Amino acid sequence: MRLDRFLWFARIVKTRAIAQTMAASGHVRVDGRAVDKPATLVRIGSVIAFATPAGRVRALRLLVLPQRRGPPEEGRACYDELLENTRPTRASVDGGDARA
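Every value quoted in this text rests on a predicted model; they were computed, and no experiment measured them.

(A) Looking closely at the pattern of salt bridges. Within this structure, the stated rule accounts for five salt bridges. Residues D4 and R16 are paired through a salt bridge, measuring 3.3 Å at the closest nitrogen-oxygen approach. Here D4 is found in helix α1 (residues 3-9), whereas its partner R16 is found in helix α2 (residues 16-24), with twelve residues between them in sequence. You can call R16 partly exposed: its relative accessible area is 29%. Between R58 and E81 there is a salt bridge whose closest N-O contact spans 2.8 Å. Of this pair, R58 sits in strand β4 (residues 57-62) while E81 is found in strand β5 (residues 79-84), placing the two residues 23 residues apart along the sequence. With a relative accessible area of 13%, R58 lands in the buried category. Taken together, the shared-partner salt bridges connect R2, D4 and R16 into one network.

(B) Region of the structure containing the pairing of β4. Sheet topology note: the strand β3 (residues 47-51)/β4 ladder contains five bridges and is antiparallel. Bridged to A49 within β4 is A59.

(C) Representation of the side chain of D4. Note on D4: relative accessible area 0%, which makes it buried. Those residues in contact with D4, other than ones at most four positions away along the chain, are R16, A19, Q20 and P38.

(D) Quick look at the environment of V30. Relative to the helices and strands, V30 resides in strand β1 (residues 28-30). Discounting chain neighbours no more than four positions away, the residues touching V30 are L3, V35, V42, S46, V47 and I48.

What counts as what
Residues numbered from 1 in each chain as written. Predicted model: local features only at pLDDT ≥ 70, side-chain atom pairs only at ≥ 80, totals over all residues. Heavy atoms only, no water. Salt bridge = Lys/Arg side-chain N within 4 Å of Asp/Glu carboxyl O. Helix = DSSP H or I, 4+ residues; strand = E, 2+ residues; numbered from the N terminus. Buried < 20%, exposed > 50% of the residue type's maximum accessible area, 1.4 Å probe, protein only. Pairing = 2+ DSSP bridges. Contact = heavy atoms within 4.5 Å.

What follows is the structure, given as C-alpha coordinates:
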(Lines give C-alpha, C1' and ligand atoms only; values in the text may rest on other atoms or scores of the structure.)
Protein backbone atom coordinates (compact mmCIF):
# COMPACT_ATOMS: atom_id res chain seq x y z
CA MET A 1 0.00 0.00 0.00
CA ARG A 2 1.18 3.53 -0.68
CA LEU A 3 2.41 5.51 2.32
CA ASP A 4 0.06 8.45 1.71
CA ARG A 5 -2.98 6.16 1.46
CA PHE A 6 -2.06 4.39 4.69
CA LEU A 7 -1.62 7.68 6.58
CA TRP A 8 -5.03 8.82 5.36
CA PHE A 9 -6.89 5.48 5.77
CA ALA A 10 -5.54 5.00 9.32
CA ARG A 11 -6.60 8.58 10.17
CA ILE A 12 -3.09 9.72 11.04
CA VAL A 13 -3.76 12.83 8.92
CA LYS A 14 -7.00 14.60 8.06
CA THR A 15 -6.75 14.66 4.24
CA ARG A 16 -4.88 12.71 1.59
CA ALA A 17 -3.31 15.95 0.32
CA ILE A 18 -1.75 16.49 3.75
CA ALA A 19 -0.50 12.88 3.67
CA GLN A 20 1.08 13.45 0.24
CA THR A 21 2.76 16.67 1.37
CA MET A 22 4.01 15.03 4.54
CA ALA A 23 5.48 12.08 2.63
CA ALA A 24 7.06 14.32 -0.03
CA SER A 25 8.69 16.57 2.59
CA GLY A 26 11.37 14.00 3.42
CA HIS A 27 10.60 14.09 7.15
CA VAL A 28 8.99 10.64 7.25
CA ARG A 29 11.01 7.47 7.75
CA VAL A 30 9.89 3.99 6.77
CA ASP A 31 11.95 1.21 8.34
CA GLY A 32 14.68 3.73 9.16
CA ARG A 33 14.99 5.16 5.62
CA ALA A 34 13.96 8.73 4.88
CA VAL A 35 11.35 8.79 2.11
CA ASP A 36 10.50 11.61 -0.25
CA LYS A 37 7.71 10.04 -2.33
CA PRO A 38 4.07 9.55 -1.36
CA ALA A 39 4.08 6.34 -3.42
CA THR A 40 6.60 4.64 -1.12
CA LEU A 41 5.27 1.18 -0.35
CA VAL A 42 4.52 0.07 3.19
CA ARG A 43 3.59 -3.44 4.31
CA ILE A 44 2.61 -5.26 7.46
CA GLY A 45 5.46 -4.95 9.93
CA SER A 46 6.81 -1.67 8.50
CA VAL A 47 7.77 1.00 11.04
CA ILE A 48 6.82 4.58 10.16
CA ALA A 49 8.38 7.45 12.12
CA PHE A 50 7.57 11.14 11.75
CA ALA A 51 7.29 14.40 13.65
CA THR A 52 3.88 15.96 14.18
CA PRO A 53 3.27 19.69 13.67
CA ALA A 54 3.04 20.01 17.47
CA GLY A 55 6.66 18.85 17.78
CA ARG A 56 5.99 15.30 18.93
CA VAL A 57 7.76 12.29 17.43
CA ARG A 58 5.61 9.26 16.61
CA ALA A 59 6.66 5.77 15.57
CA LEU A 60 4.05 3.29 14.36
CA ARG A 61 4.28 -0.42 13.44
CA LEU A 62 1.74 -1.55 10.84
CA LEU A 63 -0.36 -4.47 12.00
CA VAL A 64 -2.99 -4.58 9.23
CA LEU A 65 -3.37 -2.78 5.91
CA PRO A 66 -6.71 -0.95 5.99
CA GLN A 67 -9.19 -1.58 3.19
CA ARG A 68 -10.98 1.77 3.57
CA ARG A 69 -11.03 4.99 5.57
CA GLY A 70 -13.41 3.87 8.28
CA PRO A 71 -14.16 5.10 11.78
CA PRO A 72 -11.27 6.18 14.04
CA GLU A 73 -11.36 2.92 16.05
CA GLU A 74 -10.89 0.94 12.83
CA GLY A 75 -7.94 3.16 11.85
CA ARG A 76 -6.23 2.81 15.25
CA ALA A 77 -6.53 -0.99 15.02
CA CYS A 78 -4.26 -0.94 11.95
CA TYR A 79 -1.10 0.11 13.80
CA ASP A 80 0.68 -0.22 17.11
CA GLU A 81 2.00 2.98 18.71
CA LEU A 82 5.71 2.34 19.42
CA LEU A 83 6.69 5.84 20.45
CA GLU A 84 4.95 9.13 21.06
CA ASN A 85 7.23 11.68 22.66
CA THR A 86 5.85 14.81 24.16
CA ARG A 87 7.72 18.07 24.06
CA PRO A 88 9.47 18.55 27.42
CA THR A 89 8.16 21.37 29.54
CA ARG A 90 10.56 24.07 30.68
CA ALA A 91 11.51 23.78 34.31
CA SER A 92 11.84 26.88 36.37
CA VAL A 93 15.31 28.06 37.33
CA ASP A 94 15.03 27.30 41.05
CA GLY A 95 12.70 24.32 40.69
CA GLY A 96 10.11 25.90 43.03
CA ASP A 97 6.69 27.16 42.23
CA ALA A 98 6.04 30.66 40.96
CA ARG A 99 4.03 31.82 43.98
CA ALA A 100 5.57 34.36 46.32
